[in-house]
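A closer look at the structure
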Amino acid sequence: MKQYVLALDLGTTSLRAAIFDQKAKMIGIAQKELKQTSPQPGWVEHDPKVMIKDQVEMIYEVLKKTKVSISDVSAIGISNQRESVVVWEKRSGRPIYNCISWQDTRTSEICKDLKFEEEGLEAYVKETTGLIVDPYFSATKLQWILDNVSGARKKAENGELLFGTIDTWLIWNLTEGESHITDFTNASRTMLFNIVELKWDDELLEKFNIPREMLPDVTHSGYFFGTAKLAGANIQITGVAGDQQASLFGQGCIEPGQAKNTYGTGCFILMNTGEKIQYSKNGLLTTIALGFNGKIDYALEGSVFIAGAAVQWLRDGLKLIISASDTEAIAKNANPESGVYVVPAFAGLGAPFWDSYARGGMFGLTRETNQNDIIKATLDSMAYQTRDVLQAMAADSGLKITHLMVDGGASANNYLMQFQADIMGILVERPANIESTVTGAAYLAGITAGIWNIDSLMNKRTIDKTFKPKMDEYTRNKLYEGWHNAVKRCMNWAR
Ligand SMILES: Nc1ncnc2c1ncn2[C@@H]1O[C@H](COP(=O)(O)OP(=O)(O)O)[C@@H](O)[C@H]1O
Ligand SMILES: O=P(O)(O)OC[C@H](O)CO
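Small disclaimer: the values here were computed from a predicted structure and weren't measured. (Residues numbered from 1 in each chain as written. Chains lettered and ligands numbered in written order. Predicted model: local features only at pLDDT ≥ 70, side-chain atom pairs only at ≥ 80, totals over all residues. Heavy atoms only, no water.)

Moving on, we get to the UniProt feature "binding site: glycerol" (unreviewed entry) in the chain. Per the UniProt record, the feature "binding site: glycerol" (unreviewed entry) sits at Arg82, Glu83, Tyr136, Asp243 and Gln244. Note on placement: Tyr136 falls in the loop between α3 (121-129) and α4 (138-148). The residues touching Tyr136, leaving out its near neighbours within four places in the chain, are Arg82, Glu83, Trp102, Lys141, Arg189, Phe268, Leu285, Glu301, Ser303, Phe305 and Trp354. Of note is the side chain of Tyr136, whose polar atom sits 3.4 Å from the side chain of Arg82. For Asp243, a relative accessible area of 10% translates into the label buried. When near neighbours in sequence (up to four residues on either side) are disregarded, Asp243 contacts Asp9, Ser79, Asn80, Gln81, Arg82 and Thr437. (UniProt positions renumbered as here; feature names shortened; annotations may be inferred. Helix = DSSP H or I, 4+ residues; strand = E, 2+ residues; numbered from the N terminus. Contact = heavy atoms within 4.5 Å. Polar contact = N/O pair within 3.5 Å; in protein donor to acceptor, adjacent residues only side chain to side chain. Buried < 20%, exposed > 50% of the residue type's maximum accessible area, 1.4 Å probe, protein only.)

Shown next, in the form of structure tokens:
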């Protein structure tokens, strides 16, 4: 019997299924865009049933593409967009509300009031969860559903409802309701999980008024999560991690000080800090990097909410481009001295500013400004936001970051990667396989299922291209100063 591993990534913009062969080589991938809706400004939702239907469709598509039979798949690994919330009925499996996305800011006021009214809450949240009080995380989204969907709270208290982040929702569906479970990395993004004691935090459950009965079990990222039932086959799910932690692992960042940036819908920069919990003084999050092989590794994280999503806005909103990849040639040919800045604070600003009332803006426009300048400035904004986070990371960790590993859809953009190296003054390394998220999920599942061992996998990483900084220091600093002037003007806009 052949031993293939199926890895799933239920992301924000798109979902994927990939097959890895016995040598841990990805032999095929199927991908589909995931629809989002915005019923009101600042609200972002997905249809949870469509998420499952499309994910399963991609599983069958990749099996067909690679001509792998489902009975030859030995293990499944799952990675997923984090923080997003689904609540469903235990008996029927019917979601009682749409999936509220991590990008959704409807609970900004709840967070603002909590910070104001509950003295010591922010410090307590930081100490126990490593997070800051922000609508980004699951807690207030779950609270909102319980308070706004008719009859929800009562049903939850009666044990009739289940809560899950997207991994949990997917596992529950794949196992036909047998497993209600999550892993440490996903739990660490809910603002309800104590990352020191590794358990749901009773005090926070009380503060956010969340019934304990609706929460999933929590375990290591390499574990037996349940048996998926697909086309008559029973396949064990043996690896689960939030997408950013999966890509940290897939990039081989298993030693303290190693950092990666994933340029997807947002940018997520994570640095492994080993078994030591390091709290940030500079607006970063402390999170669980991985629970694996019996130990917990922690990470510092800078979450940037809008990155590749701004390129989608150029395509779908402004209709300036036909495809995301068009931006590379356009930016290369645009005027490097246009002085135009785009701050894509469409969903507020994440790390290191944490301002859910910030909104986007364009600055430095003149009569000469053309659409190419706007396209270039949109790409540049991803690099500036990454520098903001890396600077905070260096200050927090005391480590000098000399190079950054990159992955995710927008890391394919050579203009962006060169500008990234230039604006930070460090090396940017892009691996040959930029599908680090599914790779990380596959590695977790394959190692746990006993198909591969960690040492041989970590040696497999090959670099496609290293981008070296070419910009002089004066230009770098001048451009970066302009970025900060622009950011300042966007902050607190929607309050
Ligand atoms: N060549 C490119 N240049 C710039 N942005 C790109 C490019 N290719 C894809 N993107 C952007 O990257 C994002 C898709 O990356 P992906 O890693 O699939 O995201 P996610 O995991 O968040 O669904 C989209 O927002 C898209 O606009
Ligand atoms: O779907 P992605 O890849 O943009 O990742 C979303 C993050 O997990 C949100 O924290």
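Let us now look at helix α11 (residues 326-333). Every buried residue of α11 is accounted for by Thr327, Glu328 and Ala331. Take α11 and look down its axis: the buried residues cluster within an arc of 105°, on one side only. If you follow the buried residues of α11, they end up packed against α10 (308-317), α12 (371-397) and α13 (414-424). (Arc of directions from axis to C-beta.)

Turning next to the site of ligand 1. Taken together, 17 residues sit near ligand 1, with Arg16, Thr265, Gly308, Gly409 and Asn413 positioned nearest. Here an oxygen atom of ligand 1 and a backbone polar atom of Gly308 are 2.9 Å apart. In the environment of ligand 1, a nitrogen atom lies 3.1 Å from a nitrogen or oxygen atom belonging to the side chain of Asn413. Mapped by element, the contributors of at least two residues to the shell around ligand 1 are β2 (14-20) and α10. (Near = heavy atom within 4 Å.)

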